[in-house]
Amino acid sequence: MSPVFGHGHLRLYLLNLLEESPKHGYELIQALADRFGGTYSPSAGTIYPRLAKLEDEGLVTKTADGRKTVYSITDAGRAELESRRGELADIESDLSDSVRRLADEVRSGVDQAMKSLKAELASAKREARTPPAGSRAESSEALRDADVALTEFRQQLRTDLRKASAKGIDPALIGRLRERLAQVRLEVREELGRRQ
């Protein structure tokens, strides 16, 4: 996925979150995840080193609260945040763009996964329907295919005959049609007889 924060922006954003209220590391991670609608959740390995650097620079302090460490912004941190307040608006704009970009990437990944899953399901369905050669299921499927072919032939021929009926139909044509249909029926019966 694309990077979310530009260089130095996460640092400034953490100061901004701590200005709202003191927080422990997990609360900062949650606040960022909430800000990104769940599309980005920084790891502890991303947040805690930055908090340690902010503490080394005197911009935040930490205090123990039971088993948790709570971080608070210092006066020096507030002064830096105030001097860079204009950058926060740009960061917010960049964050909105990042959220859209991340959401698009996630959506695209989900769409691709769904297409792939649908293709795999369709393939599995086809394989499940393909019976062993010569099986009863295969014969039933062939019979259905023959019914469809006969129905389509009949419908198409009737349409053609109805269109031509205004101009007149040669009775000899109908005679040839009967002969050929009888011939096809005979060929099919012979082929079926050979398979039994």
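Definitions and cut-offs
- Residues numbered from 1 in each chain as written.
- Predicted model: local features only at pLDDT ≥ 70, side-chain atom pairs only at ≥ 80, totals over all residues.
- Heavy atoms only, no water.
- Helix = DSSP H or I, 4+ residues; strand = E, 2+ residues; numbered from the N terminus.
- Buried < 20%, exposed > 50% of the residue type's maximum accessible area, 1.4 Å probe, protein only.
- Contact = heavy atoms within 4.5 Å.
- Core = buried A, V, L, I, M, F, W, Y, C linked by side-chain atoms within 4.5 Å.
- Pairing = 2+ DSSP bridges.
- Patch = residues over 30% accessible without salt bridge, like charges linked within 9 Å, V, L, I, M, F, W, Y side chains within 5 Å.
- Areas by Shrake-Rupley, 256 points an atom, 1.4 Å probe, with all protein chains shown as cover.
- Salt bridge = Lys/Arg side-chain N within 4 Å of Asp/Glu carboxyl O.
- Axes fitted to C-alpha atoms, helices over the stretch in contact; angles between N-to-C directions.
- Arc of directions from axis to C-beta.

(A) Fine view of the overall build of the chain. Broken down by element type, the chain carries seven helices and three strands. Sequence-ordered secondary structure for the chain, helices as α and strands as β, is α-β-α-α-β-β-α-α-α-α. Counting all 196 residues of the chain, 22% fall into the buried class. For the chain, restricting intrachain contacts to residue pairs at least 6 apart in sequence, the fraction spanning at least 24 positions comes to 57%.

(B) Up close: the nonpolar core. Membership of the largest hydrophobic core comes to 20 residues, with the highest contact counts inside it found for Leu 14, Leu 15, Leu 18, Leu 32, Ile 47, Leu 51 and Leu 54. Secondary-structure elements contributing two or more residues to this core are α1 (9-20), α2 (25-35), α3 (44-56), β3 (68-73) and α5 (85-129). Here this core takes seven residues from α1, the largest share from any one element. When sequence neighbours within four positions are dropped, the list of residues in contact with Ile 47 reads Leu 10, Leu 14, Gly 25, Ile 29, Leu 32 and Pro 42.

(C) Inspection of the pairing of β3 at higher detail. The pairing of strand β1 (residues 23-24) with β3 spans two bridges and is antiparallel. Across the sheet, His 24 pairs through a bridge with Val 70, a residue of β3. The pairing of strand β2 (residues 60-65) with β3 spans six bridges and is antiparallel. Following the sheet pairing, Ala 64 is matched in β3 by Thr 69.

(D) A nonpolar patch on the surface, seen in detail. The grouping of Val 184, Val 188 and Leu 192 at the surface amounts to a nonpolar patch, some 250 Å² of accessible area in total. The residue Leu 192 is located in helix α7 (residues 171-195) in this model.

(E) Structural detail: the sheet that holds β3. Strand order in the open sheet formed by three strands is β1-β3-β2, and the pairing between neighbours is antiparallel. Sheet topology places β1 and β2 at the edges, where each strand pairs with a single neighbour. Contacts between α1 and the sheet are confined to β1, β2 and β3, with β3 contributing the most and set at about 95 degrees to the helix.

(F) Spotlight on helix α4 (residues 75-83). Along α4, the positions that sit buried rather than exposed are Gly 77, Glu 80 and Leu 81. One side of α4 carries all its buried residues, which in axial view fall inside an arc of 100 degrees. The exposed residues of α4 that point more than 90 degrees off its buried face are Asp 75 and Ser 83.

(G) Main features of the pattern of salt bridges. Here the structure, examined in full by the defined rule, presents ten salt bridges. The partner of Arg 78 in a salt bridge is Asp 75, with the nearest N and O atoms 3.5 Å apart. Placement of the pair is Arg 78 and Asp 75 together in helix α4, with a separation of three residues, close to one helical turn. Looking at Arg 78, the relative accessible area reads 37%, which means it is partly exposed. Note on Asp 75: relative accessible area 63%, which makes it exposed. The network of salt bridges with common partners includes Arg 11, Lys 53, Glu 57, Glu 80, Arg 84 and Glu 87.

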